[in-house]
Amino acid sequence: MPLNLELERTLVARPHSRLFNRVALAAFTDLSHAFGGPIQPDTGEEIRFLGDAGVGLRAEHRIGDTRFLTRLDLPLF
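The present account deals with the structure reproduced in this document. (Residues numbered from 1 in each chain as written. Predicted model: local features only at pLDDT ≥ 70, side-chain atom pairs only at ≥ 80, totals over all residues. Heavy atoms only, no water.)

On to the overall build of the chain. Secondary structure summary: the chain contains 0 helices and 4 strands in total. Start at the N end of the chain and walk to the C end: the helices and strands fall as β-β-β-β. For the chain, the residues scored as buried account for 21% of the 77 residues in total. In the chain, once contacts between residues fewer than 6 apart in sequence are set aside, the share between residues at least 24 apart is 43%. On the chain, roughly 6,200 Å² of surface is accessible, and the fraction owed to carbon and sulfur atoms is 63%. (Helix = DSSP H or I, 4+ residues; strand = E, 2+ residues; numbered from the N terminus. Buried < 20%, exposed > 50% of the residue type's maximum accessible area, 1.4 Å probe, protein only. Contact = heavy atoms within 4.5 Å. Areas by Shrake-Rupley, 256 points an atom, 1.4 Å probe, with all protein chains shown as cover.)

So, in structure tokens, the structure goes:
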């Protein structure tokens, strides 16, 4: 069962702009329980939990009537 958490803070919001409607900074984490996973090379034990955490940048754009989101994520752990 995976658990995902993401917190986001808007840095710039310009609703009528075409290039960058909104730019935000995000922090994220993911955690999952591994069933029958691989063995850790250092200890020889089974891996029970997998996870990561990091920061990211979100930019919302608009071209014509189409809106889309560009994400740049940097995992730190």
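Turning next to the side chain of R58. Here R58 lies in strand β3 (residues 49-63). In this structure the side chain of R58 is engaged in a polar contact, spanning 3.2 Å, whose partner is the side chain of E6. Not counting residues within four places of it along the chain, the set of residues in contact with R58 comprises E6, E8, R22, V23, A24, A26, F28, L69, T70, R71, L72 and D73. (Polar contact = N/O pair within 3.5 Å; in protein donor to acceptor, adjacent residues only side chain to side chain.)

It is worth spelling out the sheet that holds strand β2 (residues 22-33) at this point. Reading across from one edge, β1-β2-β3-β4 is the order of the 4 strands in this open sheet, with antiparallel pairing throughout. The sheet is open, and its two edges are formed by β1 (2-13) and β4 (66-75), each paired on a single side. The mean inter-strand angle of the sheet, taken between neighbouring strand axes irrespective of direction, is 20 degrees. Two elements, β1 and β2, share 11 bridges in a ladder whose sense is antiparallel. The partner of A13 across the bridge, within β2, is R22. (Pairing = 2+ DSSP bridges. Axes fitted to C-alpha atoms, helices over the stretch in contact; angles between N-to-C directions.)

Moving on, we come to the environment of T29. Mapped onto the elements of the fold, T29 is located in strand β2. Its relative accessible area of 31% is what places T29 among the partly exposed residues. The spacing of T29 and A53 is 24 residues in sequence and 4.1 Å in space, taken between C-alpha atoms. Side-chain polar atoms of T29 contact the backbone oxygen of D52, separated by 3.0 Å.

In short, shape yes, function no, at least from these values alone.
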